[in-house]
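# Structural overview
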Amino acid sequence: MSPIENHAETENTMTESDLRTQATEIHEQFSDQLELTVDEVESRLETLVNEYKVPTNEARRSVVNTYLDEAGMERDDLGGGGNEKVDIAEIDSPEEWVDVTAKVVDLWDADSDAVAQVGLLGDETGTVKFTKWSKSELPSLEEGAVYSLRNVVTDEYQGRFSVKLNRTTTIEELDEEIEVGEEDVEVEGALVDIQADSGLIKRCPEAECTRVLQNGRCSEHGEVDGEFDLRIKAVIDDGGDVYEVIFDRETTEALTDIDLEQAQEMAMDALDTSVVADEMTEKILGRYYRVTGPTFGRYVLANEVERLGGPADPEAVLIKARSI
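Residues numbered from 1 in each chain as written. Predicted model: local features only at pLDDT ≥ 70, side-chain atom pairs only at ≥ 80, totals over all residues. Heavy atoms only, no water.

Grouped together as the largest cluster of nonpolar side chains are 23 residues, with contacts concentrated most on Ile26, Phe30, Val41, Leu45, Leu48, Val63 and Tyr67. Listing elements by their share of this core, those giving two or more residues are α2 (16–30), α3 (38–51), α4 (56–71) and β3 (115–123). Leave out the neighbours within four places in its chain, and Tyr67 touches Ile26, Phe30, Leu34, Leu36, Glu40, Val41 and Arg44. (Core = buried A, V, L, I, M, F, W, Y, C linked by side-chain atoms within 4.5 Å. Buried < 20%, exposed > 50% of the residue type's maximum accessible area, 1.4 Å probe, protein only. Helix = DSSP H or I, 4+ residues; strand = E, 2+ residues; numbered from the N terminus. Contact = heavy atoms within 4.5 Å.)

Structure below.
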């Protein structure tokens, strides 16, 4: 279990008594500004913690921010504790509550009744996918419009970060224009390291989830029958900088000449999925590649990959990998 998953599990063991205590404290903070009851505050907290599986410290901060907005107060009026306002390029961790100002670049057809809207947000630093849940009952976003979005939660899939809009999110349309920044980059260099969770992996099969399973468990849905997938998390060194690169199933198959069916057969024969990552490492470690794709936080997502030459000096590659 990762530190994030362990933190979320620990934070979400809150008892009814704990919820009541938190609700009472929040009620006392806003009793002079808003007409609300402790039961109403507790209900908001309970929804976030039990329904959305939000860590309790984040749930409290979300509820406090909601009441700050309703009271017309600034985020630092209660001594801090509000969300951080971030640029899209700064989104590089899942399960964080943030505020963003962004333009709706594109809207897509939702493939689930649970999703009201899905599309792409952008600012001067890049773009990020967004999902707005149907049960959030939020107003519709319009393509081309710019919004201040408060209380959105970050998520991650294959190195691609996204944001989710939920019932605590506040949406304010702004009378301004944003020039969305370019996001594709080209990286050329030696592939010097293969990181953990590469090769043959399993993902959660639940709709809108697809998290990588750890020991057969999804951090949100618990023990599930996972679905096999391929990916490589690699490090490429261009001689001056190092880049963390995510290869999805399609680019992994092109990179290694090992498809998903072959990978499953290899793992079945050996009764061990690690043989797939080992075989892939032998094929690609130390070789030179040109990779093109968008950046998501600290990652480059490889949409196109081209092999440039033979392997680098093995000893030099290992020294570089160990120094990362």
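This brings us to unusual backbone geometry. With a phi close to 55°, Asn215 is a non-glycine residue in the positive phi region. Structurally, Asn215 can be placed in the loop between β8 (199–203) and β9 (217–218). Even without glycine at this site, Asp257 takes up a positive phi of about 60°. With respect to the helices and strands, Asp257 occurs in the loop between α5 (249–256) and α6 (260–270).

What follows covers the pairing of strand β2 (residues 97–108). By the bridge criterion, 2 bridges tie strand β1 (residues 84–85) to β2 in an arrangement that is parallel. Residue Glu84 lies in a different strand from β2, and its bridge partner there is Val98. Sheet analysis places β2 next to strand β5 (residues 146–157), joined by 6 bridges and oriented antiparallel. What sits directly across from Thr101, in β5, is Ser148. Judged from the 5 bridges that link them, β2 and β3 form a sheet pairing that is antiparallel. Among the inter-strand pairings, Lys103 is bridged to a residue of β3, identified as Gly122. In textbook terms, the turn of a hairpin is the stretch between consecutive antiparallel strands, and for β2 and β3 this stretch comprises 6 residues. (Pairing = 2+ DSSP bridges.)

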